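So you can see what is in the structure, the chains are spelled out below.
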Amino acid sequence: MAGHTHGATSGRLLWISLALTITFVAVELFYGLRAHSLALVSDAGHNASDALALGLAAYAVWVARRPAGPGNTFGYHRVAILTAWFNAAALVVIAIMILVEAWNVFLHPQPHIQAGLMMGVAAVAFVMNTVIAYWLRGESHNSLNARAAYIHMAGDALSSLGVLIAGVVVHFTGWTLADPIVSVMIAAFILYSSWEIIIDATNVLLEGTPKGMDITKLVAAIKSVACVRDVHDLHVWTVGDGIIFLSCHIVLPEEFTVIQSSTVVSAVNHKLHDDFGIGHATIQAEIGDCNGCNMDPEELYCFLESHSSGCGHDH
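Description of the structure in this document. Keep in mind the model is a prediction, meaning the values are calculated, not measured. (Residues numbered from 1 in each chain as written. Predicted model: local features only at pLDDT ≥ 70, side-chain atom pairs only at ≥ 80, totals over all residues. Heavy atoms only, no water.)

**Comments concerning the pattern of salt bridges**
Link 1 in the chain: Summed over all chains, the structure comprises 4 salt bridges.
Link 2 in the chain: Measuring nitrogen to oxygen at the nearest pair gives 3.6 Å for the salt bridge that ties Lys-223 to Asp-230.
Link 3 in the chain: On the accessibility criterion, Lys-223 (26% relative accessible area) is partly exposed.
Link 4 in the chain: Asp-230 gets classed as buried once you look at its relative accessible area, which sits at 2%.
Link 5 in the chain: A salt bridge links Lys-271 to Asp-275; the nearest nitrogen and oxygen atoms lie 3.2 Å apart. In this pair, Lys-271 and Asp-275 both sit in helix 8 (residues 258-276), 4 residues apart, roughly one turn of the helix.
Link 6 in the chain: Accessibility expressed as a relative area gives 29% for Lys-271, which makes it partly exposed. (Salt bridge = Lys/Arg side-chain N within 4 Å of Asp/Glu carboxyl O. Buried < 20%, exposed > 50% of the residue type's maximum accessible area, 1.4 Å probe, protein only. Helix = DSSP H or I, 4+ residues; strand = E, 2+ residues; numbered from the N terminus.)

Shown next as structure tokens:
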């Protein structure tokens, strides 16, 4: 029940943040064009991407609460991961567009920039983005989807601060190139902040080992359970935020009964849950030597010691 409440709270914050962002994008774009400020217009573009990011993130939270069914036995948790990946990829595209436009301004500088208007709008943007980023900060530690939205907003807060600084420079020095220089810095930050999200989301979509999971320690923990002789056919992957699945085979003594095997499997499940936060584990118990690991090593991940291996290939 706590999880549903948590998701509902996150969804409400995202929808409120979306409404504020859309309103401000229209205002910032209007005054950016009026002030002839590329930095302000590029910041409005970044804010527009945030509106899309927040909308998709809110939608993902809503969809993820839908129950699993015959057609989607894992549920809809991957929607949040797809959303996070799309949001980060959109940031990369926007950053490239800003860099291209900044290059054009370097070649053809704007002769007149209304620095006062530029600073005023940037100051309001900084306050709004900082407030929204603060709202989403807590959620970002537990959700890749929320983290993508949070990075959007935190990045915009820093971008708005950069625009404000550029406005101050233009106002007091008349050096208009400060405007495209800040735009380049904004684009560089966007690229930097979005890269980690793309890597993490891609790892989940490729069913890679969960981030921060030490496989060596995981195998050692399973083997530390009484009567577990070996572990093989080990697979660990993430379905959605904080939802880790595992499947493996464990080798037990030859004289073990079905009831004894079930007891060991239960102990391994508790170990995985308590030490690694793995709540969904499928463990197959094998009595005696390993005879099931006969697939190509490129297709199947096995942990076997050479003295106990019965796989028919080296590890």
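**Observations concerning the pairing of strand 2 (residues 243-252)**
Link 1 in the chain: Buried residues dominate strand 2, accounting for 10 of its 10 residues.
Link 2 in the chain: Burial along strand 2 is two-sided: Ile-243, Phe-245, Ser-247, His-249 and Val-251 and Ile-244, Leu-246, Cys-248, Ile-250 and Leu-252, pointing in opposite directions, are all buried.
Link 3 in the chain: In this antiparallel pair of consecutive strands, strand 1 (residues 230-240) and strand 2, the connection spans 2 residues, and Gly-242 shows a positive phi of 70 degrees.
Link 4 in the chain: Where the polypeptide runs from strand 2 across helix 8 and back to strand 3 (residues 280-287), its parallel neighbour, the crossover connection is right-handed. (Pairing = 2+ DSSP bridges. Right-handed = clockwise from strand over helix to strand, strands pointing away.)

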